[in-house]
Amino acid sequence: MLILAIETSCDDTSVAILDVEGNKNPHFKILSNLVSSQTRIHRKYGGVYPFLAKREHQKNLPIVFEKSLKETKNPKFDLIAVTIGPGLEPCLWVGVNFAKNLAKELKLPIIPINHIEAHILANFLNNTKTLFPAICLIVSGGHTQLILMENIGEYKILGETRDDAAGECFDKVARILGLEYPGGPIIAAKAAMKLKIKNEKLKIKLPRPMINQKNYDFSFSGLKTAVLYDFQSRAQKIRQSKEYIREMAKEVQQAIIDVLISKTLKAAKNYKAKTIILGGGVAANQELRKQFKSKVKILVPETKFCTDNAVMVGIAGYFHWLKREKYDWQKIEANANLRLG
Ligand code: KG4
Ligand code: ZN
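Residues numbered from 1 in each chain as written. Chains lettered and ligands numbered in written order. Predicted model: local features only at pLDDT ≥ 70, side-chain atom pairs only at ≥ 80, totals over all residues. Heavy atoms only, no water.

A. A look at the coordination of the zinc ion (ligand 2). In this structure, His115 (NE2), His119 (NE2) and Asp308 (OD) serve as the protein donors to the zinc ion (ligand 2), at separations of 2.0 to 2.1 Å. Look at His119 and you get buried, because its relative accessible area is 0%. By relative accessible area, which is 13% here, Asp308 ends up buried. (Donors = N, O, S within 2.8 Å, 3.2 Å for Na, K, Ca; no water. Buried < 20%, exposed > 50% of the residue type's maximum accessible area, 1.4 Å probe, protein only.)

So this is what it looks like as structure tokens:
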């Protein structure tokens, strides 16, 4: 069957066309996977500006859709899957309205998709033999959640961030350091550069917020503030130096990694997890992946399927369709605060 998937929850306009075969062990063939990123537009604001993002989605979605049709030589769809939340409400509506109009016009079934579930199910592109229960760590620009997954479609949120998401922390710290949006990739790149620090005073030690607390919640806003205070306490010449920026990038990345790994392993142990699943933009971080893998076996998507994409939306759509879920296109709405479970 052919699935058309649409994702517009944040600043990436994405359309994917998947050809799916098989039932219990589906094989997903990606016929088209296009992502039109708005990062250059949002760069000057240091983050995503929702109404500008909405306008860009409106402009780009029809273009990306047409391009994906051409790539697939005018396919005959069987199903439409669209992200309805969580995300930026004005942005979500662009994808939702586009999908509803198509569903009506082409008389196709439509499945509303939770963006967080899509990030989890990105791991099922080439893998259907996952053992449950699983502990999922979803780390993106808008969310940081630890989720207990009993099966596909059965989730319980164990904990989440009380303030900023991990990706948001990368983005805000980048802004403090005068680096570009999105912060994650650039901080990772700076952190990976060889350090030649001769000056002992440049050694930075940041806190690992909530790492020893018994719950599964996170807090990254204080970490960002600690970076700001350290930055402000330095002479201008020091804080603009390559060494300082590299040292800070390395330490903030490590602080985030330490907290994420520690809480995830604790949840995995307490819930006797048979699988650990990662997803979301921050899961593209090579150092996080490496340090996780040095401790435990994990499932994590290829980096291009960690950041926002419509392939993961199509995969989620297929699993819901398997359960014979039916939705009336007229009743489908965007929900910025949609929650799993
Ligand atoms: O999942 P995603 O593409 O969009 C949301 O749903 O938010 O995640 C975007 C976030 C941004 O905050 C970005 O800085 C972060 O993921 N990110 C990274 C990396 N690549 C993207 N963070 C750390 N290391 C990376 N390599
Ligand atoms: Zn996302």
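There's plenty left to go through after this.
B. Local environment of the site of ligand 1. With respect to spatial proximity, 19 residues lie near ligand 1, and among them Gly141, Asp171, Gly184, Asn285 and Asp308 are the closest. Side-chain polar atom of Asn285 to a nitrogen atom of ligand 1: 3.0 Å apart, as the coordinates give it. In isolation ligand 1 offers 550 Å² of accessible surface; the protein chains occlude 89% of this area. Using a 2 Å cut-off from the grid points, one finds that ligand 1 occupies the largest pocket. When contributions to the shell around ligand 1 are tallied by element, the ones reaching two or more residues are helix H4 (115–121), helix H5 (166–176) and helix H6 (183–192). Classifying every residue of the shell around ligand 1 by side-chain character gives five nonpolar, twelve polar and two charged. Domain assignment of the residues forming the shell around ligand 1 places at least three in each of domain 1 (2–125 + 304–331) and domain 2 (134–300). (Near = heavy atom within 4 Å. Polar contact = N/O pair within 3.5 Å; in protein donor to acceptor, adjacent residues only side chain to side chain. Areas by Shrake-Rupley, 256 points an atom, 1.4 Å probe, with all protein chains shown as cover. 1 Å grid on protein atoms, 1.4 Å probe; cavity = no way out; pocket = protein on both sides within 12 Å on 5 of 7 lines; lining within 4 Å. Sits in = over half its atoms within 2 Å of the grid points. Helix = DSSP H or I, 4+ residues; strand = E, 2+ residues; numbered from the N terminus. Nonpolar A, V, L, I, M, F, W, Y, C, P; charged D, E, K, R; others polar. Domains from an automatic or database assignment.)

C. Quick peek at the domain arrangement of the chain. What the domain assignment reports for the chain is domain 1 (2–125 + 304–331) and domain 2 (134–300). The C-alpha-based centres of domain 1 and domain 2 are spaced at 27 Å. The partner domain 2 presents 23 residues to the 20 residues of domain 1 that form the contact. Summed over both sides, the interface between domain 1 and domain 2 buries roughly 1800 Å², with carbon and sulfur atoms accounting for 69% of that surface. Among the residues domain 1 hides against domain 2, the three largest losses belong to Ile120, Asn123 and Cys306. Together they make up 32% of the total. Remark: the boundary between domain 1 and domain 2 carries one salt bridge. Between Glu180 and Arg43 there is a salt bridge, with its nearest N and O atoms 3.6 Å apart. Linking domain 1 to domain 2 there are nine residue pairs in polar contact (both at pLDDT 80 or more). (Contact = heavy atoms within 4.5 Å. Buried area = accessible area lost by both parts, 1.4 Å probe. Salt bridge = Lys/Arg side-chain N within 4 Å of Asp/Glu carboxyl O.)

D. Looking closely at the packing of H5 against helix H9 (residues 242–270). Their axes nearest at 11 Å, the elements H5 and H9 cross at an angle of 170 degrees. Considering their axes alone, H5 and H9 lie roughly antiparallel with respect to each other. Between H5 and H9, the contacting residues are Ala166, Cys169, Phe170 and Val173 on the first element and Val252, Gln253 and Ile256 on the second. Across the contact of H5 with H9, the residue classes tally to six nonpolar, one polar and no charged. (Axes fitted to C-alpha atoms, helices over the stretch in contact; angles between N-to-C directions. Parallel < 35°, antiparallel > 145°, perpendicular 65-115°, else oblique.)

E. Representation of the layout of surface pockets in the model. Roughly 1300 Å³ of internal volume is contained in the largest pocket. Of all the elements in the fold, those that place two or more residues in the lining of the largest pocket are strand S3 (27–37), H4, H5, H6, H9 and helix H10 (286–295). Looking at the lining of the largest pocket residue by residue, the classes come out as 17 nonpolar, 21 polar and eleven charged. Two domains share the lining of the largest pocket, each providing at least three of its residues, namely domain 1 (2–125 + 304–331) and domain 2 (134–300). (Points joined across faces, edges and corners; volume = space filled by probe spheres on them.)

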